[in-house]
Amino acid sequence: MIGVVSQDTEGAAVHEFFQLFKTPWEFLVLDHDYDLVIATSVEIPNKLSAKAIAIYSSVQIGLDHVLGISAQRRGRAEWLQWGGIRFPVYGDVSIFQPCGQPFIQLKGEPGAVGLHLADSARQIFRIGYDLFQESSFLLSTGQPAENSHIPTLEMHIALLRGCMVNAEIPFVEIAPVPTGYDFMACLTHDVDFVGIRDHKCDHTMWGFVYRGLVRSLLNALAGRIAWSKYLHNVKAVFSLPLVYLGLRDDFWLEFDRYMQMEKSLGSTFFLLPFKNVPGTWESRPAPKRRAAKYDFTEIKEQVLELIRNGCEVGLHGIDAWQNSQTALVEVGRIREVTKHSEVGARMHWLYFAEGSPKALEDAGCAYDSTFGYNDAIGFRAGTTQVFCPVGAYNLLELPLNIQDTAMFYPRRLNLSEAQALESCKQLIQSTVLYGGVLTVNWHTRSLSPERLWGDFYAKLLKEIQTHRVWFGTAGQIVKWFRKRRNCHFDLVEFSENNVHLKLRGPLPDGQPSVVLRIHHPRFTSCTTSPAHMPAYMDIPWRGKHELSIAFCERFAAVVCLPSKARARVCGTPFVSCTWSFFFAKSMPMEYEQRSRMGPSLTNIL
Ligand SMILES: [Zn+2]
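Only a predicted model underlies this, so the values are computations on that prediction, with no experimental measurement involved. (Residues numbered from 1 in each chain as written. Predicted model: local features only at pLDDT ≥ 70, side-chain atom pairs only at ≥ 80, totals over all residues. Heavy atoms only, no water.)

Caption draft 1: Inspection of the sheet that holds strand E26 (residues 546-550) at higher detail. Reading across the sheet, the three strands line up as E22-E23-E26 and stay open at both edges, with antiparallel pairing between neighbours. In the strand order of this sheet, the two ends are held by strand E22 (488-494) and E26, each with one partner. With strand direction ignored, the average angle separating the axes of adjacent strands in the sheet is 15°. Inspection of the sheet shows strand E23 (residues 498-504) paired to E26 by five bridges, in the antiparallel sense. Within E26, the position partnered with lysine 502 by the bridge is glutamate 546. (Pairing = 2+ DSSP bridges. Helix = DSSP H or I, 4+ residues; strand = E, 2+ residues; numbered from the N terminus. Axes fitted to C-alpha atoms, helices over the stretch in contact; angles between N-to-C directions.)

This is the structure we're talking about:
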């Protein structure tokens, strides 16, 4: 059990942090015994019972004098290095006079930001930044685009987990992955257009003609696209009169093609609620081209067909982000057609403000999926997990990670397809490592001329599918995280050979179950794994209130191998390129095969 002594203003941030690192904790009670106390307040009680203390503070605190530590304040926004991991800190940082064992350093220059001091009584980790303020900043403001590829908040969690492993504290957490999977993927489509026929001689049409004839020619000359794509675009431009006359199909109508490509993966389409409404930005009208030219009710049949095919339909909000009354009206338009009370939202052009989560929550939205970048891809909140944004109580945020337009637009990242695929692979690797969800937004007109980004989308799907991935609609993924958030540990008792658990949570609901991840000093740490991913043992939890899990002989040595080696050992065709764990002794091939289908390891036990 972790006890927390935080500053008065950090309460909400502490609660949310432990929804992401889901392990037993409480605010410190003086006569309780703790494995670890996390202290972020300036005053730390003298008489506390803990095997280890992790002190996070960017200022000198009273205990520093007792420990003989002197802190020197640095400016804001430093890069730190912990083992092989480099991560940014956005608030203040202190460096310490070396004392004990330095384990976190400033990147590229001398200066210890983390010290490990141990005596026979207890271990102390003194860390020179403010953990919960960092976490709060990441989940509200988010990281600047230049650091978007770094899952910073997951690294903070990994560092804390590393301290616990280092102090030989056994603990259990509920991992952010469903049983049998490496991570979750959520395919989404913002529906800004449903046909070029709606655009006659307007900004959109002339933009299409220019990009189809001129820019794609330049791209073909520069070798950025194939000549066949250029010819495809030229044909599309010259076919426009026929499309307007109704003699040719409208090539910007792409719902069927997405359903074909994604088959039963289940994607989410965000639709604009009103025609010809650009909305407002900072009390002024938004640019006219922000307005949709389609009317949601005119494509009702296509919308219902999407739902019949296992897809989800959500709100692509125009002004819903501004206040709850507007949000209610916009959400109501979606409900009218879908007849579903649970509606989620993503704002058009990612317009958002501090009060938006609350406004959407008051309008009855189940989730939002706006928190991402227009000009970058990655982890704006620094986490791979769904979280509760500041100001909301029930609404959850499904962060947006990969957007087609962010990668390929000349005024944004302007990546070639090879560069874009490399960047996506990097994000996939991080999601494999930390679990959670990867959310992709591929706009509904991106398969057609003049974008023709369908080949790339197919490659991206294939890349994601080289891993064990649970694909869900946005609503399904959010529901899974809500289930995990609603799990509570009533009791955790470790002994030498087993762990006794009591926990409560939602009953099995047909979705993959959550995973109890058990860390114990007797599990041999892997020497070849990334230093910040210690060995552990996973047990699916299917709703049983009380469990006693014995560490059988076969769990005595838990080792890990690169997945390629694992695939070779297990003889399965499945290959992923991150590190994974398998039980070295007597863990049969059957385990791997079962685990991919969502096994009940408790049955095997
Ligand atoms: Zn949009």
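Let us keep going from here.
Caption draft 2: Seen up close, the nonpolar core. Met407, Trp442 and Ile464 are the most contacted members of the largest nonpolar core, which totals 97 residues. Excluding residues within four positions of it along the chain, methionine 407 makes contact with Ile377, Ile402, Leu413, Asn414, Leu415, Ala420, Cys424, Trp442 and Phe456. Ile2, Ala13, Val14 and Ala54 belong to the second largest nonpolar core, which has 49 residues in total. (Core = buried A, V, L, I, M, F, W, Y, C linked by side-chain atoms within 4.5 Å. Buried < 20%, exposed > 50% of the residue type's maximum accessible area, 1.4 Å probe, protein only. Contact = heavy atoms within 4.5 Å.)

Caption draft 3: Representation of the side chain of histidine 348 in the model. Residue position: histidine 348 is located in the loop between strand E16 (343-347) and helix H11 (356-362). If we skip the residues at most four places from it in the chain, histidine 348 touches Asp192, Leu272, Arg290, His316 and Gly317.

Caption draft 4: Quick peek at helix H4 (residues 152-166). With 15 residues, H4 should reach 21 Å at 1.5 Å per residue; the first-to-last C-alpha distance of 21 Å fits that figure. Buried residues dominate H4, accounting for 12 of its 15 residues. Looking at H4, one finds that the buried residues are Thr152, Leu153, Glu154, Met155, His156, Ile157, Ala158, Leu159, Leu160, Arg161, Cys163 and Met164. The positive-phi residue at the C-terminal boundary of H4 is glutamate 168, with phi of around 55°. (Expected span 1.5 Å × (residues − 1).)

Caption draft 5: Summary view of the confidence of the model for the protein. For the protein, the mean per-residue pLDDT works out to 87, and 89% of the residues sit at or above 70. Here residues 526-531 is modelled with pLDDT under 50, and outside its nearest four sequence neighbours on either side it reaches eight contacts, counting other chains as well. Counting contacts from residues 553-605, a segment whose pLDDT is below 50, to residues more than four positions away or on other chains yields 115 contacts. (pLDDT = per-residue confidence, 0-100.)

Caption draft 6: Spatial organisation of the environment of valine 14. Take valine 14: it is sitting in helix H1 (residues 11-20). The buried category is assigned to valine 14, whose relative accessible area is 0%. In sequence terms valine 14 and phenylalanine 27 are 13 residues apart; their C-alpha atoms lie 9.1 Å from each other.

Caption draft 7: Summary view of the sheet that holds strand E25 (residues 537-541). With antiparallel pairing, the three strands of this open sheet are ordered in space as E10-E24-E25. Here the strands that pair on one side only, and so sit at the sheet edges, are strand E10 (171-175) and E25. Direction aside, the axes of adjacent strands within the sheet are offset by 30° on average. Across five bridges, strand E24 (residues 514-519) lies against E25 in antiparallel orientation. Looking across to E25, one finds that arginine 517 is bridged to aspartate 538.

Caption draft 8: Representation of helix H5 (residues 203-221) within the structure. The end-to-end C-alpha distance of H5 is 26 Å, a good match for the 27 Å that 19 residues give at a rise of 1.5 Å each. The sharpest bend along H5 reaches about 40° and sits at arginine 211. For H5, the full list of buried residues reads Thr204, Met205, Gly207, Phe208, Val209, Arg211, Gly212, Ser216 and Ala220. Contacts from the buried residues of H5 go to helix H6 (227-238) and helix H7 (240-244). (Bend = angle between axes of the 7 residues up to and from the residue.)

Caption draft 9: Representation of the coordination of the zinc ion within the structure. Listed as protein donors to the zinc ion are Asp192 (OD), His316 (NE2) and His348 (ND1); their distances from the metal cover 2.1 to 2.3 Å. In the primary structure, the donors to the zinc ion are separated according to the pattern D-x123-H-x31-H. Of this pair, aspartate 192 sits in the loop between strand E11 (183-191) and H5 while histidine 316 sits in strand E15 (residues 312-317); the two residues are 124 residues apart in sequence, bridging distant segments of the chain. Judged by its relative accessible area of 14%, aspartate 192 falls in the buried class. (Donors = N, O, S within 2.8 Å, 3.2 Å for Na, K, Ca; no water.)

Caption draft 10: Molecular detail of the pattern of salt bridges. In this structure the tally under the stated criterion is 23 salt bridges. Where aspartate 455 meets lysine 229, a salt bridge forms, and the shortest distance between an N and an O atom there is 3.7 Å. Here the residue aspartate 455 occupies a position in helix H14 (residues 454-464), and lysine 229 occupies one in helix H6, the gap between them amounting to 226 residues. Its relative accessible area of 48% is what places aspartate 455 among the partly exposed residues. For the salt bridge of arginine 504 with aspartate 490, the shortest nitrogen-to-oxygen distance reads 2.9 Å. Here arginine 504, found in strand E23, pairs with aspartate 490, found in strand E22; they are 14 residues apart in sequence, far enough to count as distant. With relative accessibility at 40%, the residue aspartate 490 sits in the partly exposed group. Through salt bridges with shared partners, a single ionic network connects Lys229, Glu417, Asp455 and Lys459. (Salt bridge = Lys/Arg side-chain N within 4 Å of Asp/Glu carboxyl O.)

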